[in-house]
Amino acid sequence: MIPNVNAHLHTPYSFSAFENLTDALETAADENVKVVGINDFYSMDGYEEWDREARKRHLYPLFNIEFISLQKEDQDNGIRVNDPNNPGRTYISGKGLSCPPALKEPYASQLAGVRAESNAQVREMCDRVNLLLNAYEAGFNVDFENIENCMAKGLVRERHLAKALRMYTYIHFKNEPVEIKRFLEKIFSDKTLKSDIFDYAGVENEIRGNLLKAGGAAFVPEDPKAFLPLGDVCRIIIAAGGIPTYPFLGDDAKGGFTDFEQDVEKAAETLKRRGIHAAEFITTRNSAEVLERYAGYLHDNGFAVTFGTEHNTPAMEPVLLHTRGNAPLTERLRQINYDGACVIAAHQELVRNGKTGYVDADGNADVDHRDRYIKKGGELIRNTI
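All residue numbers here refer to positions counted from 1 along the written sequence of the relevant chain. At least 70 in pLDDT is required for a residue's local features to be given in this predicted model, at least 80 for side-chain atom pairs to be given and counted, and no such filter applies to totals for whole chains, interfaces and linings, which use all residues. For side-chain calculations, the full set of non-hydrogen atoms in the structure is used, while hydrogens and water are omitted.

Chemist: Just checking my understanding: could you explain the overall build of the protein for this structure?
Modeler: Numbering of helices and strands starts at the N terminus; helices are DSSP runs of H or I of at least 4 residues and strands are runs of E of at least 2. Along the backbone of the protein there are 13 helices and 8 strands. Summarising its shape, the C-alpha atoms of the protein cover approximately 65 × 45 × 45 Å along the three principal directions. Within the protein, the fraction of its 385 residues that count as buried is 56%. Taking the intrachain contacts of the protein between residues at least 6 apart in sequence as the baseline, contacts between residues at least 24 apart amount to 74%. Exposure classes here rest on a 1.4 Å probe applied to the protein chains alone. A residue is buried below 20% of its type maximum, exposed above 50%, and partly exposed in between. When checking whether two residues touch, look at their non-hydrogen atoms; a contact exists if any pair is within 4.5 Å.

Chemist: Mind showing me how you'd approach empty space enclosed by the protein here?
Modeler: To find the voids left in a structure, one rolls a probe of water-molecule size over its atoms. Here a cavity is any set of points on a 1 Å grid over the protein atoms alone where a 1.4 Å probe fits but cannot get out, and a pocket is any open set with protein on both sides within 12 Å along at least 5 of 7 lines; a residue lines the site when it has an atom within 4 Å of a point. Grid points are joined across faces, edges and corners, and a volume is the space filled by probe spheres set on the points. Going through the model one piece at a time under the given rule, you end up with 2 cavities of 30 Å³ or more. Volume-wise, the largest cavity comes out at about 40 Å³. Considering the residues around the largest cavity, the lining is formed by Val 81, Thr 90, Ile 92, Leu 230, Tyr 246, Phe 260, Leu 271, Arg 274 and Ile 276. For the lining of the largest cavity, the per-class residue count stands at 7 nonpolar, 1 polar and 1 charged. Looking at the second largest cavity, its volume works out to about 30 Å³. Taken together, His 299, Phe 303, Ala 304, Val 305, Ile 336, Asp 339, Gly 340, Val 343, Arg 370 and Ile 374 make up the full set of residues lining the second largest cavity. Elements with a contribution of two residues or more to the lining of the second largest cavity: strand 8 (304–308), helix 12 (331–352) and helix 13 (370–384). Only Asp, Glu, Lys and Arg are considered charged in this grouping, and only Ala, Val, Leu, Ile, Met, Phe, Trp, Tyr, Cys and Pro are considered nonpolar; every other residue, Gly among them, is considered polar.

Chemist: Hey, could you run me through the side chain of Asn 119 in this one?
Modeler: Considering the arrangement of structural elements, one finds Asn 119 in helix 4 (residues 107–135). Among the polar contacts made by the side chain of Asn 119, one reaches the main-chain carbonyl oxygen of Gly 154 at a distance of 3.1 Å. Sequence-distant contacts of Asn 119, defined by excluding residues within four places in its chain, comprise Phe 144, Glu 148, Gly 154, Leu 155 and Val 156. Any pair of nitrogen or oxygen atoms within 3.5 Å is treated as a polar contact; in protein, a donor-acceptor pairing is required on top of that, and neighbouring residues in sequence qualify only through side-chain atoms on both sides.

Chemist: How do you make sense of the packing of aromatic side chains when you look at a structure like this?
Modeler: Aromatic rings in a pair are described by how distant their centres are and how their planes are angled relative to each other. Aromatic contacts are taken between Phe, Tyr and Trp rings whose centres are within 6.5 Å, Trp giving its six-membered ring; a plane angle under 30 degrees counts as stacked, one over 60 as edge-to-face, and the others as tilted. Within the structure shown, the criterion is met by 14 aromatic pairs. Ring geometry for Phe 281 against Phe 307: centres 6.1 Å apart, planes inclined by 70°, an arrangement best described as edge-to-face. Of this pair, Phe 281 sits in strand 7 (residues 278–282) while Phe 307 is found in strand 8, placing the two residues 26 residues apart along the sequence. When sorted by exposure, Phe 281 lands in the same class as Phe 307, which is buried. Following the ring pairs from residue to residue traces out a cluster consisting of Tyr 246, Phe 248, Phe 257, Phe 260, Phe 281, Tyr 294 and Phe 307.

Chemist: Which parts of the structure should I look at to understand the nonpolar core?
Modeler: Burial of nonpolar side chains together is a common tendency in soluble globular proteins. Only buried residues count toward a nonpolar core. Its members are Ala, Val, Leu, Ile, Met, Phe, Trp, Tyr and Cys residues joined through side-chain atoms within 4.5 Å. Core analysis: the largest hydrophobic core is formed by 60 residues, its most contacted members being Val 36, Trp 50, Phe 248, Phe 281, Leu 298 and Phe 307. Excluding its chain neighbours within four sequence positions, the residues that come into contact with Phe 281 are Phe 248, Asn 286, Leu 291, Tyr 294, Ala 295, Leu 298, Val 305, Thr 306, Phe 307 and Gly 308. In terms of nonpolar packing, the next biggest core, distinct from the first, is built from 32 residues, Val 156, Leu 184, Ile 187 and Leu 211 among them.

Chemist: What is the right way to read the packing of helix 6 (residues 158–172) against helix 8 (residues 200–212) from this model?
Modeler: Any two packed helices are characterised by how steeply their axes cross, that is the angle between the axes, and by the distance between the axes. Comment: axis = line fitted to C-alpha atoms, over the contacting stretch for helices; angle = value between 0 and 180 degrees taken between N-to-C directions. Where helix 6 contacts helix 8, the two axes come as close as 9 Å, and the packing angle between them is 115°. Classified by the angle between their axes, helix 6 and helix 8 sit roughly perpendicular to one another. Our pair here, helix 6 against helix 8, has a crossing hand that is right-handed. Of helix 8, the residues touching helix 6 (which contributes Glu 158, Arg 159, Leu 161, Ala 162, Lys 163, Leu 165, Arg 166 and Tyr 170) are Tyr 200, Val 203, Glu 204, Asn 205, Ile 207, Arg 208, Leu 211 and Leu 212. For the contact of helix 6 with helix 8, the per-class residue count stands at 9 nonpolar, 1 polar and 6 charged. Oblique is the label for every angle not falling under 35 degrees (roughly parallel), over 145 degrees (roughly antiparallel), or within 65 to 115 degrees (roughly perpendicular). In this scheme the crossing of two helices becomes right-handed for a clockwise turn of the near helix relative to the far one and left-handed for an anticlockwise turn of less than a right angle.

Chemist: What is the right way to read the pattern of salt bridges from this model?
Modeler: Two side chains that carry opposite charge are able to pair once their charged atoms sit near each other. The working definition used for a salt bridge is a side-chain nitrogen of Lys or Arg within 4 Å of a carboxyl oxygen of Asp or Glu. Going through the model one piece at a time under the given rule, you end up with 29 salt bridges. A salt bridge links Lys 72 to Asp 76; the nearest nitrogen and oxygen atoms lie 2.9 Å apart. Of this pair, Lys 72 and Asp 76 both sit in helix 3 (residues 72–76), 4 residues apart, which is roughly one turn of that helix. Residue classification places Asp 76 among the exposed residues on the basis of a relative accessible area of 53%. Salt-bridge contacts for Arg 352 lead to Glu 349; the nearest nitrogen and oxygen are separated by 3.5 Å.

Chemist: Would you explain the layout of surface pockets in this entry?
Modeler: As a volume, the largest pocket reaches approximately 1,300 Å³. For the largest pocket, the lining is made up of 45 residues, of which Asp 83, Tyr 91, Arg 159, Arg 208 and Lys 213 are closest to its centre. Put simply, the parts of the chain that give the lining of the largest pocket at least two residues each are strand 3 (60–70), strand 4 (89–95), helix 4, helix 6, helix 8 and strand 6 (243–248). The element contributing the most residues to the lining of the largest pocket is helix 4, with 6 residues. Partitioning the lining of the largest pocket into residue classes produces 21 nonpolar, 10 polar and 14 charged. One number sums up the size of the second largest pocket: a volume of about 470 Å³. Taken together, 27 residues form the lining of the second largest pocket, with Ile 238, Ala 239, Asp 360, Ala 361 and Asp 362 sitting closest to its centre. Looking at the lining of the second largest pocket, the elements that each hand over two or more residues are helix 9 (230–239) and helix 12. No other element matches the 5 residues that helix 9 contributes to the lining of the second largest pocket. By residue class, the composition of the lining of the second largest pocket is 10 nonpolar, 11 polar and 6 charged.

Encoded structure:
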C-alpha cells in the first residue's frame, strides 16, 4: 500500500480553513493521510507544533514554506508564470526546511521584511474598509489590532480582513439575514450577494472579491518591496535548510495554461536553469489527464514531485487528495507523490543531523541519486506511521 500524502497544507499561521493547527492533523488522521506538510506563507512559526502534534498521531511531518516572488525578466516580457493575472509574479515553495527553524542573516531580515510589507498592506486595506464603513454610516469599524491579536498568528492576510468584516457585520446586524444582505450589497456598490448568508466561506470570498481585490473600494496595490526576486527567495529557502520547489498552476477549468506552463518540457528546462529541481501541484485545480502528463514528465526527468490541497481559503475540503471533479488520484500519481515526499523526508532528516541533503548549500540537487533519498525517506516515514 502506498501511504497517502498531502504535502501542502496552510495553517492559521498564515490563513487556513482550519481553526487550529491540530484540526488539520486530526482531519488527516481521520482520512488516513499519513504524510503531512505544513506550508504557510512567509512563516516557519508552526513547525515545532506541527512536528510534535503530527508525531503524536503517528503522522510523518514535512516542513515547508511559501513565498510570492518576482521574476523581472518574465514581467518585462509579459509572461504569466503561475499567477494567471500578473506577469512575472511567481509563487515558490520551500520543502523540507529545518525544524526547529534556523535562518541566519541576512536571510532572516529579508524574510521579516517581506512579512512586514504584507502586514502593512492589509493594515492599509483595513483603514480603507473603515473609511467605506464610515461613509455608509455603518455604525461599526473593523479593528486591525483585534485581527492581528485574535485571528492571526503573526501574518495578517486579506482573507483575515474579509473574515473579520463578515463577522463584525453579522454581529452588528444580529445575524438578521435581510439586513445583512442589504448592507453587504450596499457596500458592494449595489452588486448582488450571490452566496447564502450562512455560507460563511462564500460570503467572505465575495467580500474579498468585491472590496479587497483590484477594482474594489478597499484595494491597496502591493508594494514592489513585498516581492523578492526569485533568486533571493531560493537562497532564503536553501539557507533555511529547504528545497526550492515550483508550484505548477496547471490547467484551468477551460483547459488553459499560463504562458510559462503551456509547454511542460520547456518549463522543466527553464526551472532547472534557475536551480529548481522540485515541483508540486494542488490537485483540486487540475484534471487527472494533465496531472498524469505533467507530474509524470517531471518525475521521469528527475524532479521531486509532491501534491497538496492548500486549504488557504475559508472553504473546507477533504485533506485526502483528489483531482478537479473529485476523482481520486491514480496509483501512478500516488506513487509519484509518495516518492517526492520520501525525498523531502530524507533531505530534512539529513540536514537536521548536520549533513548535506538532496539540495546542497549552493542549490545543487543530487538528482542522479534520487532513488537513494526515496529509499531512505521511505524508511523514515514507515518507522513513524
